[in-house]
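Letter by letter, the chains look like this.
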Amino acid sequence: MKKIDFKELVYQFHQDMLANKFTLVYEGEITHQITKAFTTLAENKMDSYSEDASVKKKVFHVMVECLQNLSKHAEDLKILRNNGYSGSGIFIIGKVGEEDENYHVLTGNVVKKTKVPELEAFLDKINSLDKDGLKELYKKQMREGTLSEKGGAGLGLIDIARKTGEKLEYNFIDIDDKNAFYTLRTKILKK
Amino acid sequence: MEVVKIAGTDDTPEVKIDPKKGIFEFSGRSLPEDVLSFYAPVLQLIEDYIQKPAKNSEVLFRLDYFNTASSKVILDILIYFEHISKEGHNVEIKWFYHQDDEDMAEAGEEYSEIVDLPFEMQVYRH
């Protein structure tokens, strides 16, 4: 077994977090308690530099929807875990190394490749719409959609796009012939 | 039918239902851990109520925050009342929002566009 140099690892991780301006990085199962803890942490942090109330609200909103999306995939991942994958997803919030001071929420989780085309088409559709188009799509989804057993209504991504006014930046990385790693980046502009 | 009161928490709204007076009130924040199990008894009460509604029904929303899963349930609630309104009963929806909260104002307007019910938008300051 390869020997791990912990002091080097910890220092490097610390440096990477600072360089990327990550406030919080979490990999694992997302529970309701964790969602509450993370949103409180982010709110306190934003309070500490007197962040604008409307920006705070947007960050809170995006965090809640992103965390709930991650937690909804937990069931799939239990199956995946037995096949050798661990973790339920990664959640990152920070300013992500940019010159600007905007907030970024990044998520990543394993998805089955069979689900990728549908998800990709949905994300592209959201990105193709303007403010009014998104409003109409949200209303349509609310009327026609039903709540899944896990409490999903297919509204989270539309809502994130509406609240931030930004395009959803996504990618799928190949893991193997059955699975892909889905990453999503949401930007919340500072006023 | 008895008056029902559910105390609010950090992530669930305060719910007050007075079937005799026909008053339904939701206030606070709504992002329950399990949206379906939180709202199931509330929806059941409303379903029972609409079998024999009061002469006038008033539904008040004073929400500070709700997540997208809750937004779907709010529409379900409104649709119940739309049914009895179509049957000729008086229903009034009162949607409260803080003067700085454009999102909440917009959400109320959207619901008023989806369902055919009289909506009264009420802005508050403090």
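This one's a predicted model, so the numbers in the text were calculated from it and none came from an experiment.

Conventions adopted
- Residues numbered from 1 in each chain as written.
- Chains lettered and ligands numbered in written order.
- Predicted model: local features only at pLDDT ≥ 70, side-chain atom pairs only at ≥ 80, totals over all residues.
- Heavy atoms only, no water.
- Pairing = 2+ DSSP bridges.
- Helix = DSSP H or I, 4+ residues; strand = E, 2+ residues; numbered from the N terminus.
- Axes fitted to C-alpha atoms, helices over the stretch in contact; angles between N-to-C directions.
- Contact = heavy atoms within 4.5 Å.
- Buried area = accessible area lost by both parts, 1.4 Å probe.
- Salt bridge = Lys/Arg side-chain N within 4 Å of Asp/Glu carboxyl O.
- Nonpolar A, V, L, I, M, F, W, Y, C, P; charged D, E, K, R; others polar.
- 1 Å grid on protein atoms, 1.4 Å probe; cavity = no way out; pocket = protein on both sides within 12 Å on 5 of 7 lines; lining within 4 Å.
- Points joined across faces, edges and corners; volume = space filled by probe spheres on them.
- Core = buried A, V, L, I, M, F, W, Y, C linked by side-chain atoms within 4.5 Å.
- Buried < 20%, exposed > 50% of the residue type's maximum accessible area, 1.4 Å probe, protein only.
- pLDDT = per-residue confidence, 0-100.
- Expected span 1.5 Å × (residues − 1).
- Polar contact = N/O pair within 3.5 Å; in protein donor to acceptor, adjacent residues only side chain to side chain.

Visitor: Explanation requested: the sheet that holds strand β6 (residues 119-124) of chain B in the structure shown.
Guide: To summarise the sheet geometry, strands pair through backbone hydrogen bonds and adopt either a parallel or an antiparallel arrangement. The strand order across the open sheet built from six strands is β1-β2-β3-β4-β5-β6 (chain B), with neighbouring strands paired in mixed fashion. Strand pairing shows two members of the sheet lacking a second neighbour, β1 (4-6) and β6 of chain B, which therefore form its edges. Averaged over all adjacent pairs, the angle separating strand axes in this sheet is 10°, with direction ignored. With six bridges connecting them, strand β5 (residues 90-98) of chain B and β6(B) associate as parallel partners. From the neighbouring strand, B:Lys94 faces β6(B), where its bridge partner is B:Glu120. Where helix α3 (residues 53-72) of chain A meets the sheet, its contacts fall on β3 (23-30) and β4 (56-66) of chain B, and the angle it forms with β4(B) comes to roughly 95°. Contacts between helix α2 (residues 68-86) of chain B and the sheet are confined to β3, β4, β5 and β6 of chain B, with β4(B) contributing the most and set at about 170° to the helix.

Visitor: I keep staring at the interface of chain A and chain B and nothing clicks. Help me out?
Guide: Interfaces are often sized by the accessible area lost when the parts come together. Residue-level contacts link 26 residues of chain A with 25 residues of chain B. For the chain A and chain B pair, buried surface summed over both sides reaches about 2,200 Å², with 57% attributable to carbon and sulfur atoms. The interface formed by chain A and chain B contains six salt bridges. For the salt bridge of B:Glu113 with A:Lys135, the shortest nitrogen-to-oxygen distance reads 3.4 Å. At the level of elements, α2 (32-48), α3, α6 (131-144) and α7 (156-164) of chain A are the ones that each hand at least two residues to the side of chain A that touches chain B. Class assignment for the residues of the side of chain A that touches chain B results in seven nonpolar, eight polar and eleven charged.

Visitor: So what exactly am I meant to see when it comes to the sheet that holds strand β2 (residues 90-94) of chain A here?
Guide: Residues and elements named next belong to chain A. An order of β1-β2-β3-β5-β4 is seen for the five strands of this open sheet, with the pairing classed as antiparallel. The strands lining the two open edges of the sheet, one partner per strand, are β1 (22-27) and β4 (169-174). Each strand of the sheet is rotated relative to its neighbour by a mean of 15°, with strand direction disregarded. Relative to β1, α2 is tilted by about 175°, and along the sheet it contacts β1, β2 and β3 (103-112).

Visitor: Would you take a moment to explain empty space enclosed by the protein for this structure?
Guide: Considering all chains together, one arrives at two cavities of 30 Å³ or more under this definition. One number sums up the size of the largest cavity: a volume of about 70 Å³. Of all the elements in the fold, those that place two or more residues in the lining of the largest cavity are α2 and β2 of chain A. A total of three residues in the lining of the largest cavity trace back to one element, the largest contributor, which is α2(A). In the lining of the largest cavity, the residues fall into six nonpolar, two polar and one charged. The computed volume of the second largest cavity comes to approximately 30 Å³. Looking at the second largest cavity, the residues that line it are B:Pro13, B:Phe26, B:Tyr39, B:Phe61, B:Leu63, B:Ile74 and B:Ile77. Within the lining of the second largest cavity, the residues separate by chemical class into seven nonpolar, no polar and no charged.

Visitor: Teacher, can you tell me more about the nonpolar core here?
Guide: Soluble globular proteins: nonpolar side chains tend toward being buried together. Counting residues in each nonpolar core, the largest one holds 75 residues, and the members touching the most others are A:Phe91, B:Phe26, B:Phe61, B:Phe81 and B:Trp95. For this core, the leading source of residues is α2(B), giving nine residues. If we skip the residues at most four places from it in the chain, A:Phe91 touches A:Leu24, A:Val25, A:Tyr26, A:Phe38, A:Met63, A:Cys66, A:Leu67, A:Leu70, A:Val105, A:Leu106 and A:Thr107.

Visitor: Honestly, the confidence of the model for chain A in this entry has me stumped. Any pointers?
Guide: Low pLDDT marks stretches whose predicted atomic positions should not be read closely. Per-chain confidence: chain A averages 86 in pLDDT, with 86% of residues scoring 70 or above. Predicted confidence in chain A is weakest over helix α4 (residues 74-82) of chain A, with a mean pLDDT of 54, and strongest over β4(A), with 96.

Visitor: Even after reading the chapter, I still don't get helix α1 (residues 6-19) of chain A, so can you show me in this structure?
Guide: A turn of α-helix holds 3.6 residues, and therefore any two residues three or four places apart point the same way. Residues and elements named next belong to chain A. The end-to-end C-alpha distance of α1 is 20 Å, a good match for the 20 Å that 14 residues give at a rise of 1.5 Å each. The backbone nitrogen of Lys7 has a side-chain oxygen 3.4 Å away, supplied by the residue at the start of α1, namely Asp5. Where α1 ends, the next residue or the one after it, Lys21, has phi of about 55°, a positive value.

Visitor: So what exactly am I meant to see when it comes to unusual backbone geometry here?
Guide: The phi torsion of most residues other than glycine is negative, and most of the peptide bonds are trans. Residue and element names in this part refer to chain A. At Lys21, a position not held by glycine, the phi torsion is positive, near 55°. Tracing the chain through its elements places Lys21 in the loop between α1 and β1. Its identity as a non-glycine residue notwithstanding, Ser50 has a phi of 45°, on the positive side. When you line up the elements, Ser50 lands in the loop between α2 and α3.

Visitor: How should I be thinking about the pattern of salt bridges in this particular structure?
Guide: Should their charged atoms come close, side chains of opposite charge can pair. Within the structure shown, the criterion is met by 20 salt bridges over all chains. A salt bridge links B:Glu106 to A:Arg162, with the shortest nitrogen-to-oxygen separation between them at 3.3 Å. With B:Glu106 in helix α3 (residues 102-114) and A:Arg162 in helix α7, this residue pair bridges two chains. In this structure A:Arg162 comes out as partly exposed when scored by relative accessible area, which is 23%.

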